[in-house]
Structures are given as structure tokens and as C-alpha cells.
Number of protein chains: 2
Amino acid sequence: MEVLRPPYKSSASAFGDTVKETFFPDDPFRQFRHQTAATKFVLAMRYMFPVLDWGAKYKFADLRADLVSGLTIASLSIPQGIAYAKLANLPPIYGLYSTFLPPLLYAIMGSSRDLAIGPSAILSLVLGTILRQEADPVKEPELHLRLALTATFFTGVIQAGLGVFRLGFLIDFLSHATIVGFVSGVAVIICLQQLKGILGLTHFTTKSDIISVLHAVFEHPQQWNWRTIVIGVCFVTLCLVTKYIGTRNRKYFWLSAGAPMTTVVVTTFCTYITHAEKHGVSIVGHLKKGLNPISTHKLFLTGPYVLASVKIAVVVAAIGLMEAIAIGRTFASMKGYDLDGNKEMIAFGVMNTCSACMSCYATTGAVSRSAVNFNAGCRTAFSNIVMSFVIMVTLLVLMPLFHYTPNVTLAAIIFAAVIGLIDPCTAYQIFKVDKIDFLACIAGFLGVIFISIQMGLVIAVTISLARLILQMTRPHTSLLGQIPGTNVFRNKKQYPGTMKTDGILVIRIDAGIYFSNANYIRERVFRWIADEEDANGKSGQSSIRYVIIDLTPVMNIDTSGIHGFENIQRILKSRGVQLAFANPGSGVFEKLHKSKFMESLGQQWVFLTVSEAVQVCSSLLAMENKGLAE
Amino acid sequence: MEVLRPPYKSSASAFGDTVKETFFPDDPFRQFRHQTAATKFVLAMRYMFPVLDWGAKYKFADLRADLVSGLTIASLSIPQGIAYAKLANLPPIYGLYSTFLPPLLYAIMGSSRDLAIGPSAILSLVLGTILRQEADPVKEPELHLRLALTATFFTGVIQAGLGVFRLGFLIDFLSHATIVGFVSGVAVIICLQQLKGILGLTHFTTKSDIISVLHAVFEHPQQWNWRTIVIGVCFVTLCLVTKYIGTRNRKYFWLSAGAPMTTVVVTTFCTYITHAEKHGVSIVGHLKKGLNPISTHKLFLTGPYVLASVKIAVVVAAIGLMEAIAIGRTFASMKGYDLDGNKEMIAFGVMNTCSACMSCYATTGAVSRSAVNFNAGCRTAFSNIVMSFVIMVTLLVLMPLFHYTPNVTLAAIIFAAVIGLIDPCTAYQIFKVDKIDFLACIAGFLGVIFISIQMGLVIAVTISLARLILQMTRPHTSLLGQIPGTNVFRNKKQYPGTMKTDGILVIRIDAGIYFSNANYIRERVFRWIADEEDANGKSGQSSIRYVIIDLTPVMNIDTSGIHGFENIQRILKSRGVQLAFANPGSGVFEKLHKSKFMESLGQQWVFLTVSEAVQVCSSLLAMENKGLAE
């Protein structure tokens, strides 16, 4: 059978297809096709506000499940909210503000059923660390706060922009391995910083790298406070043990979820009774009652701080999306639904932009709380609304109760929540499967802990990208042989039992042929030929007369690649070797035609399958040999 | 037949293989294998100094051919050498110095038989333009000259370094399309600058972009000198007409080769007779007799100018290699031999480093003279030695004769030599074959003429690289159908006659699966399924029960890719759809095993060929349907 040229496609329609594949690969408009205008409007509203979708189908059974999971994550969120705000060097109350409003907004616009929205340890640390380079949180607390809110505002703008312009795929460049390394590195840093609270140190470094932190820890051992150490170690142990029980047996998930809140209640009460704050145990202090105040007047929308905030926002936006989408997709695939990345980005963007105007700092779907939410059996985003309601009550009524909460408790809670993010098992798994991925992972990890958070990320992404480009520069090629008794041709290295046909060489190129690899492919083809001739020379077989290139995996070629083929053909011809192609794809076949290479090769040397090509070539060879023999 | 796992390969040997494929794809040590130490030494000397190779086999017939071609290019080189030095803002004599020594060095070390070595118009302009940003050639001529020599020295060091460290593939990132656009752009700039000489202007811009140059040309039309215009237009016409005749009919190649020299002789004589230099016709002026003086004392090897020189050298080295290797490879493939890129880089590197110590500026294999050399029938690099000898005689004896050569003649010679490098036909051919390549080409062209030479290069390379990464981010996927009467499965879009099997979907992924495309592939697979279910729904067929993914073209996968597959499998399973793979390559199969994905999928769902997979799935489907019917 003949190789077909695909049906004619104009440049404009080809361009349109490329744009569609690049920006709309998930075909979000599928559901709008063949609908009336009214239905389209309803569908669009449902698409933008998934609450209309799940809200309409909401059942009583769902309500019970969501109430339980909502209360569970609420009891986690209160202490974590207060604690994480301190990671971002913000007043503790902002952690609670950020746990109240964003979950409500996400429940309306987000499509994940499992994410628990609020401040996340990683995001808080990243924001806090980068912000510190712009404003000192101790000397200029007001500027620091305003910058944090402004950065959150732009984080939202960037996230929504990525979603609207369908650029969500940029987040994909943070590979799984990069994320594992980066998150583990940040977790190590967070844990180390908690040593300040647990040891009760008053002076501490503002740098985030491991050397400075360890130096600060061991600089003044006489400052270590045994009271805080005892409290800290006890409660870290308590949290870890309950967590361990909770993950071992899902029935006891409430144990792990309740432990932090219990810790807070107990330690606050004890501190209040014993007045431990007078013995060097630092406490949270005054917390203002009331809901989020409006903060639009605190945003910098002009002036020199805008650029600084945007720079911070780029990193925060990327890490926030990465965290939420990675964890959201995992749970979605467990429940058998799919998350639309771009849609989620719009939801997170709107959420952060709006909440920055209401005294919230950057929030996302936090990894550990989302896992608790999932394990507690949440059904819809309603669990976020439940949590938000609890936080509202807390803000309005219970705030003064946290006055005496010791900082060491918060440090212990952070420590216990974050230590699980250090993930040597996954890193080992990556090491076993893919060494270059592991390199990116470990480089990200070491970069974060020894240099800085941004550099760690940049190094890991650079390694991942360099690998992609190297793969494009040195694509795989293989020699094919026939599996005996079939007309199937396979890689000789993988299938050692394959046969070769005398005088014919079958080579498969396993990548698109571009300027970056055209030369390599030329050299590699001649090396395969030379290797084969060497082997033939020893075994006394005849030399190569036909070279068949299997183009099945070659999905595209550029003008440099065509030049490479012309070069190969010219040299082969001068050696009396005939070139043939098997199974060119539509794009490649079209370009070979347009570039006139096909005319110089001859249409008869293009075959549908490798086995057809081999049959034709070997019968030609047999005829030649017969002619020579006569 | 079963899919085989490839024979075990340790990580170290896999790493070794990667290094070998990356840096030694052409296997340069092949010839040294199984040889005695003495033979190895002889072979190594021959490899380093190809003159030992071709010199030993030299015949009388070769000598005649090389004499003719050597004399031909010599007659071109003298006027071009003087003229190109002026493009680089250097004293004209340096053009001749650079035409004397480098060809001798290349004849010893280079392996191309066709390149004519010497100053090139493009390289001279690039060097001159970038140098001007460091030192003014009019106000600080000595500093300018020293910087030029230093930059040449480092150009050689960089070129040799690229060759020694086997990094020659970096040059491949300058794609064919980029080169066409860049060279055309530089040629336009060179031609425009010659308007200064042809119009006889005394004041001219030092900028290289088209707007400044055209502004300078039309700023003072009263300065235009009719004498130089007449001479210029006449000789440009003469050169172009003879060149046209020469390319039309290879018998008359001497016409085009001789025209520039004739022009120089005639105009020099006429100027001498008429004393036209007193009527505003500027002349070359005094030229010192004698061979290249030693210039080691002029090189900056310490101090602040080193860094500046290295920066210039990076660009000059890349462009020099690009020009020489592109043209060298073209001629090599025409004569059926192959050029070793890394070996050539070492030759060019040694040539430039040594000649910078002997008052030569950056040289390379010049495009136009190499073409003349090839057309004149050169056989070996001996033609370069002949040329060099002629230049030596010129330097020793004939220098004073060029005193009266008018500058307009040189401008006309450059104009005629360079205008042929503007190549709209190739650009149109690129446009027809590959639109993105054309984009890189035209962006390079416009960048060079409107912004600057470096920016043009950067823009074109960026576009080419972005295309590669986009291709990795959005790889091609296709739906396969069975060609009736065979067990061959092909892309349905390319082969509209293919049949589909009820309830089974066959998808082929045409690229390695990495973090950059794992999400896209997941979305795309589900889109193929949704599209098919839609079509089935209309035609009343049953829904998809089996999804077979053809992994033939998938040569590699990373941990993100495996995660993507796990995701796909989980969602398909929850929908009651079975996933199957066909023909995984060794690398992918190995990684799927190591990551435990294979255990969750089940080894029985991996098939050697698509047709086997379809057979098994359809017989299972038939059994199920029968069960349901009963």
C-alpha cells in the first residue's frame, strides 16, 4: 500500500490547530457546542461558579460528611493560621483573617472538592523570606505588612492572568522531581527556624540558609530555655504520634486533627495559670476581636514598590499554584474527576486579589490540611464554608482566649505539620527510576537549604530544561531487526533474537528532526553503517546496499533536518548505497515533498511499513546478485 | 510474543553511554581500535594533521587543478583582503596579512579540501561593529588594532576549546534558517555601508542599523561625488555581470574570478594617470612592504580589556565556525566525504590563535571565495598554499602598486561579492516548507538590520529554541485505525480509509513523556476519548471499553510522566475503562517496571504490537457482550 499525503490543510488552519493545541488542549468549550444561547449562558455560569453545579445537587448525606470534615479542618486551621502568619513575619491575626475569607471565595469559584484553603507553611515562608529583602518586619512592620498585601494582590492578578490567557502550562515546567526537592528543602528550613521558638531563643538570624540558622542556634547555648524545650518536645511528640496513628488507621484521623487544637488549649491554660510568660516563655499577646478590616488603602498600586511586589508575586503565584494544583489533581484522580488547571488558576487568582483587599495574605490549597479534609471524608467545597464559619465565630468571640498561647506551642505545631513534607522515600523512588530527575530533585533541595529559596527553584528548573534540550540534541536511534516468524521489526538491543537481512540496514530515529539534532543524526546514521560494515567484514557478509530509515516516531522536521537528509542521501549515493524511508507521518511527508527532497529521492523509495521496504530491497538485492553471478 | 525487558545495564554504564552519545556521537576513536601503539601514533598524527594524509597521496593531476584554483582565488583574495580589512575598520594591509598566514596553517591542520581561508565579509563586519563599541577606530586606532588582535586570539582559544571539549554541537543551535536570515541581514548592512565609498561621502554614521545608515546617506546629497558614483556603478555592474556569466556556465568561472583584480588594476592605473585623488576620489594610500610582523606584544593578556575581548570573541568564534562549517559541509557532501566538526574547530582555533600573534585578524572559510575555489576545480587544501604564496609575493614586492587604488573600487568589489549572500529564494523555500523556521529567519534578518548584529542572532536563536520547547510541551498525538486487509495501524487523519474497532480506542503519543507535557498528554488522551464517545453517541455505537496507547515513538519518560500515566489509569479505571500499552521501548518499559506502575497495570496489558493488543481486547469485548446477551 502506498504512503498517503494527508488532505490539504491551509497554513491558516494549520496555525489555528497549533494555537488550539497549545492553549486549549483540554477543549474547554466542548460543552458549549450545539447549544442555545440561554443554555450557553447557564453553562458558562456553571463553569465559572461550580457552586451552582454542586449546590443544586447537594444532598443531606453530603452535608453530614462536609460538616465533620469542615469542623476537623477548622480545629487545625486556627492554630496553624496563627502559626503560619508568624512564618511570614506578619501579625498572627492575619493568619486567621486569611483562613476566613479565601475559603468562602474558593467555595464559590473553585472546582476541587477536596482542597482546604488557607495559609500554607511553604507559601508563608517563601513570602516572608522574599519580603524581608524589601522591608524589615521588625523595624518597618507597617511597610512590611503593606508590601505583603500588595504582593498578595499581584499574586492574584498573575494567577488569574495565567488562567485567562491559558498559560497554565507554564506551571508544568515545575516537574514532579523539582517539587519534591523544593518542598523538602523548604520544609527543612521551616523546621530549623522553629528551633528558635522551641529553644526559646530571643536573638535569631534573619537568613534562611541552613548554615546561618545552625550557627544562630548554637551561638548562645546559654540562652536555651528548658521550660520551652520541655513544652516543645512534648507537644511535637504528641502531634507526631497522633499523626502517625491517624495515617495508619483512617478511623482515628480525628486524633491527628484534634491534637494541635488540644495542645493549644492545654498550653494556653497552663501558661495562664502559671504565668509562665514571666519566666521567659514568650506568648502570642493581644489579638484584636473582629472580622477582616478593609485594606485597599494599604495596597501600593503606584510607585517604586509596585515592581518589587510584582517580583515577589511571580514566585509566590507559581509556588501557590504548584502546591494547590499538584495536591488537588492527586485527590481528583483518586475520586475519578478531573481538575481544569486554567480554571483553577482563575479561581485562585480572584480569591487572592479580592482577599488582599480584605487584609488576607497569600493563600492556597494547603497540602497537609487538604489531606486531613480528604481523609475526614469531605464531599464538596462546603467543608471550606463550614471551616470559614468556625473561623468567623473565633474572630468575633474567641480571640482573647489566644492571648496566653505560648509561641513554643505554635513552633511545635508548625514543626509537626511540616516535617512530613520532607520526603526521602519519594526522592529514593525518583532515584531508582530516573537519575536525571533525581539530580534536579537533589539540586533543588540543596539549592534551597544552602543558597536561597529562589535559587533552589531556578537551579532545579534549569536542570530539568537542560535535560529536555539535551534529549532534543541527542535523540535515541536504534537498529531494527525482524522478529522471526513475523513481519514485526523491533530494536535489536531490546529483542536480541531478531534477525538481520543481508545487505540491508534498518534504522529508527526516535524524535523530531531539528537544527539541534540534524548533524547528530547524520553522524549517528553513518556510525550505524560503519559499525555494521565492521561486523560484516569480520563475518564475511556482503556490505550494506540499502539503508531504510523508519520515520514512525519522527513527527516533525525543519529545514535543517531536511538539509541533513539531503546530506545523508548525497553521501550514501556516492558510496552506491540506496536510501529508503518507511512510514513517514503526515507532517514530515508533506515537508519532504514541499522541499523537493522527495523528487531527488524518488517516491518509490518511501514505504508504508518497514517490512514492505525490506521485502522490496531484498528482492532487488537478490536480482542484482543473480545478475552478478551470471 | 511477549514484550521483553532489555538486558540489565548498570547506572554507570548507562551514564557512560549517555556521555558517549553526547560528546562522541561520531566515534572518532573508531580507527584506533585494535591497533598497535606505533600505528595509533601514526593515525593520531594523521588525524591531527590531515596534510600527512593527502600529502602522501598527492598526484600531478591534483597539482595542476590546485594551481589553477589557487591562482584564481589569489586574484580574488588580494582586492577582497584589502577591502574586508576596511570593513573591520583595520588598516588595509592587515587584510593581506590575514590572507597570507591562516591559509598555510589551515592547509596543515584542516580537513576540508574546498574551503578558501581568509578574511570574510561577514566576520569582518561583525568584528568591526562590535569592536567599535569598545574603541573608536579613528580616535584610538592603536587600541582598536590591539583589541582586534586580542579578540582574534581569544576567538581561536574559544574555537579550539569547543573542539577539544567536544562542544561543537553548540554551533548546531544556529539553525539553517537562522543562518540564512542572519547572513542576509549582515549582507544588507554591508551593501548599505558601501554607499559611503560609492557616493564618495566623507562623513558617515558609525552605527550599523539600516535607519542610521540611510539617514547618513541622504543627509547631505550635495556631497555625492559624480566621479566615484560613475566608477562605482560601472564596476559593480562589471563584477555582477561576470559573476552571472560565471555561475551560469562553469567554463567561464575565471571571468568572475578575474573581474575584481582587473577592476583594481584598471582603476588604479587610471587614478595614477589622471590624479583623480586630487578631485575628491579617496585612495588606499601608503602600504608598507614586507611580511606579517610579530604582534604578540600587542595582545592584551591581562587587564580590563581581556573580558571585553573575550565577549567579542564569543560572537566572532561562533559566526566564524558557523560560516566555515556550513559551507565546508556542503562541499564535502557534494564530493562524498564527511567533515568532522570538532576536528575542524580545533584547526580553526589553532589557526586564529597562532595568526593573532602574527598580525592577522579573525579569519575563516569565506563563503564566496570557497565557492570559486570549488568551481575552479580544487582538489586539496594545496590551493590555499598556492594562494598564500601569491600573497607572499604581493606583500614582498607589489605593495606600492596599490597606493593609488581608489576606495570606491574596493567598495564596488565588496558590494558585488556580498550582494549574492542576500538570499530571498532560500527564504521563500523555507517559508514554503516550515513557517516557524521562516519566522526565525525573518526575525534574525530584521533584528540584524533594525537593531544590531548580536540582537538579531539572539532573537533568531531564541525563536528556534522556543519552538523546540513548545514541541516538547505540546507533542503530537494521533488516533490510529487499521488499514483494511492488514494488521497495520496508521494515523486516521493521514489514512482516511482506516477502520476503527468498536469499543476500542488506539492512541499514539509521538514524543518522550516529560514533566513539560505529562499534563497535556493526560488532557489530550481524555479529549480523544470524549471526541470518540461523542461520535459513537451519535452513530449509536457502544462506548469505549479499552484504550490502547501505542508507545513506539515514546523513547523516554520521567517521573512526572509516570505520574501522568498513573493518573490516566486511575481515572479510566473509575470509569470502567481498561488501559493497555503497545510496544514500549526498552527505556520506558524499564522505568514503568521500576516505578511499580507495571504492577498496578498488570503485565498482561502490555503488548508487542498494536494489532495484538486490539485482537486481545476485541475478543475480551466479544466475550463480555456475549455474557451480557445471555
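What you see is a predicted model; the values in this text were computed from it and never measured.

**Q** Any chance you could explain the domain arrangement of chain A here in plain terms?
**A** The parts lose accessible area when they come together, and the size of an interface is often stated as this lost area. Under the domain assignment, chain A is made up of domain 1 (51-468) and domain 2 (475-629). Here domain 1 of chain A and domain 2 of chain A have C-alpha centroids that lie 56 Å from each other.

**Q** So what exactly am I meant to see when it comes to unusual backbone geometry here?
**A** Note: most residues except glycine have negative phi, and most peptide bonds are trans. Residue and element names in this part refer to chain A. One non-glycine residue, H34, adopts positive backbone phi at about 55 degrees. For H34, the location among the structural elements is in the loop between α1 (11-23) and α2 (37-48). With 6 C-beta atoms packed within 10 Å, H34 lands in the exposed category.

**Q** Is there a simple way to explain helix α4 (residues 60-87) of chain B in this structure?
**A** Since the α-helix turns once every 3.6 residues, residues separated by three or four places project in the same direction. All names here are of chain B. With 28 residues, α4 should cover 40 Å at 1.5 Å per step; its first-to-last C-alpha distance of 39 Å lies within 8% of that length. S77 marks where α4 bends most, by close to 30 degrees; the proline P79 follows one to four residues later. Backbone geometry just downstream of α4 places N89 in the positive-phi region, at approximately 60 degrees.

**Q** Teacher, can you tell me more about the relation of the copies chain A and chain B here?
**A** The second copy of the chain is related to the first by a rotation about an axis and a shift along the axis. Of the two same-sequence chains, chain A is brought onto chain B (RMSD 0.1 Å, axial shift 0.0 Å) by a rotation of 180 degrees. Classification of the inter-copy transformation places it as that of a two-fold axis. Closest approach to the rotation axis within chain A is made by the C-alpha atom of A:P553, at a distance of 2.1 Å.

**Q** Please clarify how the interface of chain A and chain B should be interpreted in this entry.
**A** Taken together, the contact pairs 77 residues of chain A with 77 residues of chain B. Looking at which element gives the most residues to the side of chain A that touches chain B, the answer is helix α20 (residues 515-539) of chain A, with nine residues. Partitioning the side of chain A that touches chain B into residue classes produces 28 nonpolar, 27 polar and 22 charged.

**Q** I'm lost on the sheet that holds strand β3 (residues 477-482) of chain A in this one. Help?
**A** By definition, the strands of a sheet pair up through backbone hydrogen bonds, in either a parallel or an antiparallel sense. Residue and element names in this part refer to chain A. Ordered in space as β4-β3-β5-β6-β7-β8, the six strands form an open sheet in which the pairing is mixed. Every other strand in the sheet has two partners, leaving β4 (489-491) and β8 (606-607) as the edge strands with one partner each. Here three bridges tie β3 to strand β5 (residues 504-509), and the two strands are oriented antiparallel to one another. Bridged to L479 within β5 is I507.

Cut-offs used in this document
- Residues numbered from 1 in each chain as written.
- Chains lettered and ligands numbered in written order.
- Predicted model: local features only at pLDDT ≥ 70, side-chain atom pairs only at ≥ 80, totals over all residues.
- Domains from an automatic or database assignment.
- Helix = DSSP H or I, 4+ residues; strand = E, 2+ residues; numbered from the N terminus.
- Buried ≥ 20, exposed ≤ 12 C-beta atoms within 10 Å, placed from the backbone.
- Expected span 1.5 Å × (residues − 1).
- Bend = angle between axes of the 7 residues up to and from the residue.
- Least-squares fit on C-alpha atoms with pLDDT ≥ 70 in both.
- Contact = placed C-beta atoms within 7 Å.
- Nonpolar A, V, L, I, M, F, W, Y, C, P; charged D, E, K, R; others polar.
- Pairing = 2+ DSSP bridges.

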